[in-house]
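# Observations on the model geometry
Residues per chain are reported as follows:
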Amino acid sequence: KIAKSTLSNFQGTQRRFDIVGTTDKGVKIVDDYAHHPTEIKATLKAAKELEKHRVICVFQPHRYSRTSLLKDEFATAFTSADEIYMTDIYSSGEDPISGIDGHTIPNIISEVTHQHVNYVENVNDLPAVLAKVVRPNDLVITMGAGSINQYGPKLLALLEEGLQ
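The following refers to the structure shown. (Residues numbered from 1 in each chain as written. Predicted model: local features only at pLDDT ≥ 70, side-chain atom pairs only at ≥ 80, totals over all residues. Heavy atoms only, no water.)

## What to know about the nonpolar core
Formed by 21 residues in total, the largest nonpolar core has its most connected members in I40, L44, F59 and F78. Elements with a minimum of two residues in this core: α2 (37-50), β3 (55-59), α3 (64-74), β4 (83-87), α4 (104-113) and β6 (139-143). Not counting chain neighbours up to four residues away, the residues in contact with I40 comprise A34, H35, F59, F74, A77, F78 and M143. Ranked by size, the runner-up nonpolar core spans 17 residues in total, among them I29, I56, L130 and L155. (Core = buried A, V, L, I, M, F, W, Y, C linked by side-chain atoms within 4.5 Å. Buried < 20%, exposed > 50% of the residue type's maximum accessible area, 1.4 Å probe, protein only. Helix = DSSP H or I, 4+ residues; strand = E, 2+ residues; numbered from the N terminus. Contact = heavy atoms within 4.5 Å.)

Below you can see the structure in the form of structure tokens.
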């Protein structure tokens, strides 16, 4: 009885493939909390398998320590993405680590998989940058544990205004 009651009230998880919105041209914008390489890889693989579309991953690395510790794992986490956009590291209050910055993950991705990563230093520039590159039926997925979830709605608003 307890399990039945609990499940009947379950509203799902937040920030796990949350659909932010879909434009009239079929651009789907999704947000996901994935910030660990294993989560990123699994989520992007699922996004790619949903239907035939380009998957544009917009990732904000979370913490200097995590970037440093997992940089080798991040190298292959984005292979299912057709395009990758990456911002500077969301520090979450951590002090910077020498040699670790917003270019760390893009550089290792490029080195290991030869995928191109579009680096956007200022996260506030993302909506305008992305509005210029999305095409009908693209799936844009913002990923990370920082402030990245604020930018899918901003992109959706720009696209709906017809500023693409």
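## Side note on the packing of α3 against α4
In contact at an axis separation of 9 Å, α3 and α4 are set at 25° when each is read in the N-to-C sense. As the angle between them shows, α3 and α4 are arranged roughly parallel. Of the two possible hands of crossing, α3 and α4 adopt the one that is right-handed. Residues T67, K71, D72 and F74 of α3 pack against T104, I105, I108 and I109 of α4. Split into classes, the residues belonging to the contact of α3 with α4 amount to four nonpolar, two polar and two charged. (Axes fitted to C-alpha atoms, helices over the stretch in contact; angles between N-to-C directions. Parallel < 35°, antiparallel > 145°, perpendicular 65-115°, else oblique. Left-handed = near helix turned anticlockwise from the far one by under 90°. Nonpolar A, V, L, I, M, F, W, Y, C, P; charged D, E, K, R; others polar.)

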